[in-house]
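The residues making up each chain are set out below.
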Amino acid sequence: MKVIVLGSGVIGVTCAYQLAVAGHDVTVLDRQPAAALETSYGNAGEVSPGYSAPWAGPGVPLKAIKWLLMQHRPLVIRPHLDLAFIRWGLAMLRNCTAERYEVNKGRMVRLAEYSRDCLVELRAQTGIRYDERMQGTLQLFRTQAQLDGTAADIAVLQRYGVRYELLDMDGCIRHEPALARTREKFVGGLLLPGDETGDCFKFTQNLAALAAQRGVQFRYGTQIKRLLLSGKQIDGVVTDAGTLKADAYLVALGSHSPLLLKPLGVRIPVYPVKGYSITVPITDASGAPESTVMDETHKVAVTRLGDRIRVGGTAELAGYTLKLHDARRQTLEHVVTDLFPHGGDVSRAEFWCGLRPMTPDGTPVLGATRIPKLFLATGHGTLGWTMAAGTGRVMADVIGGGTPQIDMAGLTVDRYPNAYA
Ligand SMILES: Cc1cc2nc3c(=O)[nH]c(=O)nc-3n(C[C@H](O)[C@H](O)[C@H](O)COP(=O)(O)OP(=O)(O)OC[C@H]3O[C@@H](n4cnc5c(N)ncnc54)[C@H](O)[C@@H]3O)c2cc1C
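As the structure is a computational prediction, the values presented were derived from the model and not from experiment.

What counts and how
Along each chain, residue indices are assigned from 1 in the same order as the chain's sequence is written. Selection of residues for local features in this predicted model requires a pLDDT of at least 70, selection of side-chain atom pairs for listing and counting requires 80 or more, and totals for whole chains, interfaces and linings are taken over all residues. Side-chain measures were taken over the full set of non-hydrogen atoms in the model, leaving aside hydrogen atoms and water. Under the DSSP-based scheme used, a helix requires at least four consecutive residues in state H or I and a strand at least two consecutive residues in state E, with every element numbered from the N terminus. Any two residues having at least one pair of non-hydrogen atoms within 4.5 Å are treated as being in contact. Burial classes: relative accessible area under 20% of the type maximum marks a residue as buried, over 50% as exposed, and values in between as partly exposed (1.4 Å probe, protein chains only). We call two strands paired when DSSP finds no fewer than two bridges between them. Axes here refer to lines fitted to C-alpha atoms; in helices the fit is confined to the stretch in contact. Angles between the N-to-C directions go from 0 to 180 degrees. Paired rings are identified among Phe, Tyr and Trp, the last through its six-membered ring, by centres lying within 6.5 Å, and are further divided according to the angle between planes into stacked (under 30 degrees), edge-to-face (over 60) and tilted (the rest). Criterion for a charge above a ring: Arg CZ or Lys NZ at most 6 Å from the ring centre, at most 35 degrees from the ring normal. To get the bend at a given residue, fit one axis to the seven residues ending there, fit another to the seven starting there, and take the angle between those axes. When the strands point away from the viewer, a crossover counts as right-handed if the path from the first strand over the helix to the second runs clockwise. Patches were defined on residues exceeding 30% relative accessible area and lacking a salt bridge, with like-charge contacts within 9 Å and nonpolar side-chain contacts (Val, Leu, Ile, Met, Phe, Trp, Tyr) within 5 Å. Working definition of accessibility: Shrake-Rupley area with a 1.4 Å probe, residue cover restricted to the visible protein chains. For salt bridges, the criterion is a side-chain nitrogen of Lys or Arg within 4 Å of an Asp or Glu carboxyl oxygen. For classification, angles of less than 35 degrees are called roughly parallel, those exceeding 145 degrees roughly antiparallel, those between 65 and 115 degrees roughly perpendicular, and all remaining angles oblique.

### Some thoughts on the side chain of Arg-123
So, step 1. Within the secondary structure, Arg-123 sits in helix α4 (residues 98-126).
So, step 2. With residues near it in sequence (within four places) discarded, Arg-123 still touches Ile-128, Tyr-130, Glu-132, Met-134 and Glu-196.

As structure tokens, this is what we get:
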């Protein structure tokens, strides 16, 4: 079968690779000159099934007000008149109940855990390298109140069978020795030893090379303009390099997916939530983190990626702009220099931002649509790197007419009652 994959982020590339493994004739289109140059470029590097949870949860609206008022704020809202934003924001609020949280979390964990297993297999099969480490995630608490407040989180981890360790200050230092120099900054932490870390950009580029060896054609520098609808089915993709035809079209355009789908009458509630990162060259490895340290106060992740420290965070609601705001850089610099003052040289850091393709329920939109030949793999939000390997396998199964190894209930576009105009 001939399949066109639209988008060469981590999601498009993992899908293309698995489709090629399944024997399909695959072409990938992307406007960029190489794979993973948009949101998959500079993320925080956590492969974290243990933290797979929706942002929308009970108590979040109140917490959001507190976050908006902090000096180094994890949440920024730039008011703008945009109907899609208003609809998305209201849907997000509707998902902030205990009941919705449970449903959404269950769906996310299902995909994230499957993804972890698929990533382990992919590594074993291909030997792919990407500055990967398997040393877990440490959520670091600066206050006793944060440490005391872990009971609810731990109950959730226990319910989903996620391994964890509650650590006091010395326990945190045993896990992350560089924190010995800043022990006065925190009181304890919650370790999820099953989580992994790695450079999503390197992974995607290396997997794209492996896919190319299997015959996948990558047509970079190609602007996708629209999908052609003929009768009730898709009959081609119009690009600035002409119209291309296939037996199946897979939309994996991250935050830009809804823009291409809207003219077809398919409405998916995916909205761009901007995040920032800095990538700091390590100058003293003994002062750098070993794995990921998640600063609970600032909601910033500090991750070791080879000879660099990746520091990522912030949720900025401002539409599709990629403007880099210096205040966000200051927050990221503050966190890394506060916790790891001797690790790296922040003056030489690369400053970056990307648009998380967020759904209001935190769960991506996968699988077939009601339009023949049209498939979706998008809306992975905060966890696209974590969920990529499983998404690739699921999509290869669905497009090939097989049955995915996980239950697709609640993962497809059919969960949105107003998806089809
Ligand atoms: C600051 C930050 C930190 C993050 N940290 C983590 C983390 O630690 N762990 C984790 O699991 N996830 C994390 N994420 C989320 C993760 O990075 C995303 O979910 C993931 O990269 C989305 O991948 P994607 O392939 O769907 O989208 P993208 O990587 O954006 O790929 C979409 C592709 O489509 C192409 N495209 C779009 N429109 C067109 C068009 N019209 N024509 C041609 N090409 C087009 C783009 O060029 C792009 O290459 C983070 C995100 C951010 C911003």
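Don't stop here, the text continues.
### Things to note about unusual backbone geometry
So, step 1. Positive phi values are uncommon outside glycine, yet Asp-131 reaches one of about 55°.
So, step 2. Structurally, the position occupied by Asp-131 is in the loop between α4 and β5 (137-141).
So, step 3. Positioned with a positive phi, Lys-299 is a non-glycine residue whose angle comes to about 55°.
So, step 4. Using a relative accessible area of 30% as the deciding quantity, one classes Lys-299 as partly exposed.

### Concerning the environment of Arg-87
So, step 1. Relative to the helices and strands, Arg-87 is located in helix α3 (residues 83-94).
So, step 2. Remark: the alpha-carbon pair of Arg-87 and Pro-281, spanning 194 residues in sequence, is separated by 41 Å.

### Description of the sheet that holds strand β10 (residues 224-230)
So, step 1. Overall, antiparallel pairing links the three strands, which are arranged β10-β11-β12 in an open sheet. With one partner strand each, in any of the chains shown, β10 and β12 (242-244) form the two edges of the open sheet. Averaged over all pairs of adjacent strands, the angle between their axes in this sheet comes to 30°, without regard to strand direction.
So, step 2. Strand direction decides the pairing type here: β10 and strand β11 (residues 233-239), joined by six bridges, are antiparallel. The residue bridging Leu-229 from the neighbouring strand is Ile-234, located in β11.

### Here we look at the pairing of strand β13 (residues 248-251)
So, step 1. The alternating pattern of β13 places Ala-248 and Leu-250 on one face and Tyr-249 and Val-251 on the opposite face, and all of these are buried.
So, step 2. Judged from the four bridges that link them, strand β1 (residues 2-6) and β13 form a sheet pairing that is parallel. Considered in β13, the bridge of Val-5 is made with Leu-250.
So, step 3. Pairing between β13 and strand β20 (residues 374-378): three bridges, direction parallel. In the sheet register, Leu-250 faces β20, and the bridge partner there is Phe-375.

### Thoughts on the packing of aromatic side chains
Here the distance between the centres and the angle between the planes together describe a pair of aromatic rings.
So, step 1. Under the definition given, this model contains nine aromatic pairs.
So, step 2. Here the aromatic rings of Phe-218 and Tyr-220 are separated by 5.6 Å at their centres, their planes lie at 20°, and the arrangement is stacked.
So, step 3. Judged by relative accessible area, which is 18%, Phe-218 ranks as buried.
So, step 4. Ring pairing ties together the aromatic residues Tyr-41, Phe-201 and Trp-352, which thus form one cluster.
So, step 5. Over the aromatic face of Tyr-160 sits the side chain of Lys-105, whose NZ or CZ is 5.6 Å from the ring centroid.

### Concerning helix α11 (residues 384-399)
So, step 1. In the structure, α11 departs most strongly from a straight axis at Gly-390, where the bend amounts to approximately 35°.
So, step 2. The buried fraction of α11 is high, at 15 of 16 residues.
So, step 3. Phi for Gly-401, located one or two positions after α11, is positive at around 85°.

### With respect to the pairing of strand β2 (residues 25-29)
So, step 1. Most of β2 sits inside the fold, with four of its five residues counted as buried.
So, step 2. By the bridge criterion, five bridges tie β1 to β2 in an arrangement that is parallel. Bridge assignment links Leu-6 to a residue of β2, and that residue is Leu-29.
So, step 3. Taken together, β1, helix α1 (residues 10-21) and β2 constitute a β-α-β crossover, and its handedness is right-handed.
So, step 4. Relative to strand β9 (residues 217-219), β2 is paired through three bridges, and the arrangement is parallel. Residue pairing in the sheet places Thr-27 in a bridge with Gln-217 of β9.

### Points about a nonpolar patch on the surface
So, step 1. A surface patch of nonpolar side chains, amounting to about 510 Å² of accessible area, comprises Leu-62, Ile-65, Leu-68, Leu-69 and Ile-77.
So, step 2. The biggest single contributor to the nonpolar patch is helix α2 (residues 60-69), with four residues.
So, step 3. Here Ile-65 lies in helix α2.

### So, the packing of α4 against α11
So, step 1. At a minimum axis distance of 6 Å, the contact between α4 and α11 shows a crossing angle of 85°. It follows from the interaxial angle that α4 and α11 lie roughly perpendicular. For the pair α4 and α11, the contacting residues are Met-108, Leu-111, Ala-112, Tyr-114, Ser-115, Cys-118, Leu-119 and Glu-121 in the first and Thr-386, Met-387, Ala-388, Ala-389, Gly-390, Thr-391, Arg-393 and Val-394 in the second.

Remember, this is a structural readout, not a statement about activity or role.
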